[in-house]
Amino acid sequence: AQQLATYIGWLMHRRLGGLVAGGLFVLPSLAILILLSWLYVKFGQTTLIAGMFHGIKPAVTAIVLFAAYRLGSRVLRNAWLWSIAGAAFVAIFFLDITFPAIVGAAALLGYLGGRFVPDAFQLTARHEHSKRGQAPAVIDDDTPPPAHARFSWRKSMALAGAGLLLWGVGLTALGLGFGWHTTFAQMGWFFTKAALLTFGGAYAVLPYVYQGAVDHYQWMTPLQMIDGLALGETTPGPLIMVVAFVGFVGAWSKAALGAGALVAAGVTGALVATFFTFLPSFVFIFAGAPLVEATRGDLRFTAPLTGISAAIVGVIVNLACFFAYHVFWPYGLGGAVDWLAIVIAAAAAVGLLRFKAGVIPVILTSAAVGALWGLLHA
């Protein structure tokens, strides 16, 4: 979503427009998430707040499943794409194959599909503005690219080099200032890798963020990760802003600046995570968007992306299963079932799918139910 905002700003108003659109797309949610992250680590164990999260987490499980449904209904147009989605789910859920490998395999299948069954991997039809009675677009499907959007290898390589230099300066500053094996340097490197894997958006890359933040670096617990996603769902801006929560809680839990500076460490961690997550996005758009404009409609380039989009559906379903496991069986599969969580998740799914309720009303209602339940059982 942030890349799309940057793309629109760049296409209409050059690089300054891209910086303004992309930057202002994330800064408000960054500020809000820093505040909410602080409230979470300070007061998250109180009866009221814990009860609210008890209600929100099953709703988030339904929201993730709903995201898979929304994407699948647009992307999975034939049996070939359904097969790719199913194979991606099996690969990541049962075979524990890494997300980058799944993306690479899906791109290859998309490329081969574009060559041998091109009709199955064609993009959907263009928008017919006149038939829908809408005003003409500023830049529509048939408008020639503006002068600044014309592709040049020299200009694209220069912009990519500038972005790489900025990234290198930032990571070097963290390494020299705090130490190469400290939390902040690790975050800089980890969120750079996460940024390079955001095919399909936040829901697609969250399994990778979870693996790094929970399993590898142990910045947080699995339930804290789900709580972070819940906070991300309730704030404006792209859901990938959950990385700010991960950065804040990770730096706080590791006391990255010492036991007496937990707030400063958390804020720094959130800023580091956000910077290294979104810097590649700006570089991708400024350096790569002219190539996209030059190859629009070329099946050799669009078919691999169609294959990746299909695989992302399977990856998101895997994420929903992951959340369901931790929310419905909080003490493991051998432990007690949280029936309240199952009821809230089912009600949220019905609200989203049957009654077309918005995400925010579903989240707020679920939080209220959880808070009431927690107060009654305190």
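Residues numbered from 1 in each chain as written. Predicted model: local features only at pLDDT ≥ 70, side-chain atom pairs only at ≥ 80, totals over all residues. Heavy atoms only, no water.

### Considerations on the confidence of the model for the protein
The predicted coordinates of low-pLDDT regions are not to be read in fine detail.
Argument step 1. Put simply, the protein has an average pLDDT of 89, and 96% of its residues get 70 or more.
Argument step 2. Scored below 50 in pLDDT, residues 125-130 makes 7 contacts in the model with residues more than four places away or belonging to other chains. (pLDDT = per-residue confidence, 0-100. Contact = heavy atoms within 4.5 Å.)

### Let's talk about the packing of aromatic side chains
Argument step 1. Counted by the stated rule, this structure contains 23 aromatic pairs.
Argument step 2. With a centroid separation of 4.8 Å and an interplanar angle of 80°, the aromatic rings of Phe-93 and Phe-94 are classed as edge-to-face.
Argument step 3. The class for Phe-93 is partly exposed, based on a relative accessible area of 39%.
Argument step 4. Judged by relative accessible area, which is 57%, Phe-94 ranks as exposed.
Argument step 5. Ring centres of Phe-190 and Trp-219 lie 5.8 Å apart, and the angle between their planes is 80°; this geometry places the pair in the edge-to-face category. In this pair, Phe-190 is assigned in helix α6 (residues 183-195) and Trp-219 in the loop between α7 (202-216) and α8 (222-233), connecting sequence segments 29 residues apart. Judged on exposure class, the residue Phe-190 and its partner Trp-219 are both buried.
Argument step 6. Counting every residue linked through ring pairs, the aromatic cluster contains Phe-190, Phe-191, Tyr-208, Tyr-217 and Trp-219.
Argument step 7. Across the ring face of Phe-355, the terminal group of Arg-354 is positioned such that the distance to the ring centre comes to 5.3 Å. (Phe/Tyr/Trp six-rings, centres within 6.5 Å; stacked < 30°, edge-to-face > 60°. Buried < 20%, exposed > 50% of the residue type's maximum accessible area, 1.4 Å probe, protein only. Helix = DSSP H or I, 4+ residues; strand = E, 2+ residues; numbered from the N terminus. Lys NZ or Arg CZ within 6 Å of the ring centre and 35° of its normal.)

### What about the pattern of salt bridges?
Argument step 1. Within this structure, the stated rule accounts for 1 salt bridge.
Argument step 2. Between Lys-57 and Asp-227 there is a salt bridge, and its shortest N-O distance comes to 3.4 Å. Of this pair, Lys-57 sits in helix α2 (residues 47-75) while Asp-227 is found in helix α8, placing the two residues 170 residues apart along the sequence. In terms of burial, Lys-57 and Asp-227 fall into one category: buried. (Salt bridge = Lys/Arg side-chain N within 4 Å of Asp/Glu carboxyl O.)

### Quick notes on the nonpolar core
Argument step 1. Formed by 97 residues in total, the largest nonpolar core has its most connected members in Val-64, Phe-191, Tyr-203, Trp-219, Met-220, Met-225 and Val-246.
Argument step 2. Among the elements that take part in this core, helix α11 (residues 299-328) stands out by supplying 16 residues, more than any other.
Argument step 3. For Tyr-203, the contacting residues outside a window of four places in its chain are Ile-63, Val-64, Ala-67, Glu-233, Leu-239, Ile-316 and Leu-319.
Argument step 4. Counting residues in each nonpolar core, the second largest holds 8 residues, with Tyr-7, Leu-11, Ile-285 and Ala-289 among its members. (Core = buried A, V, L, I, M, F, W, Y, C linked by side-chain atoms within 4.5 Å.)

### Digging into helix α4 (residues 99-116)
Argument step 1. With 18 residues, α4 ought to run about 26 Å at 1.5 Å a step, and its terminal C-alpha atoms sit 26 Å apart, in line with that.
Argument step 2. For α4, the set of buried residues is Phe-99, Ile-102, Val-103, Ala-106, Gly-110, Gly-113 and Gly-114. Each buried residue of α4 sits inside an arc of 105° when the element is viewed along its axis, so together they form one side. Structural note: α4 exposes Leu-108, Arg-115 and Phe-116 on the side pointing more than 90 degrees away from its buried face. (Expected span 1.5 Å × (residues − 1). Arc of directions from axis to C-beta.)

### Considerations on unusual backbone geometry
Argument step 1. In this model, Asp-96 sits at a positive phi of 55°, which is unusual for a non-glycine residue.
Argument step 2. Positionally, Asp-96 belongs in the loop between α3 (79-93) and α4.
Argument step 3. On the basis of relative accessible area, Asp-96 is assigned to the exposed category, the value being 59%.
Argument step 4. In this model, Lys-356 sits at a positive phi of 55°, which is unusual for a non-glycine residue.
Argument step 5. Position of Lys-356 relative to the elements: it lies in the loop between α12 (339-353) and α13 (359-376).

### Observations regarding the environment of Leu-340
Argument step 1. Structurally, Leu-340 is set in helix α12.
Argument step 2. Here the alpha-carbon distance between Leu-340 and Tyr-208, two residues 132 residues apart in the chain, equals 29 Å.

### Notes on a nonpolar patch on the surface
Argument step 1. Together, Leu-16, Leu-19, Val-20, Leu-24 and Leu-27 make up a nonpolar patch on the protein surface, roughly 500 Å² of accessible area in all.
Argument step 2. As for its placement among the helices and strands, Leu-27 is situated in helix α1 (residues 2-43). (Patch = residues over 30% accessible without salt bridge, like charges linked within 9 Å, V, L, I, M, F, W, Y side chains within 5 Å. Areas by Shrake-Rupley, 256 points an atom, 1.4 Å probe, with all protein chains shown as cover.)

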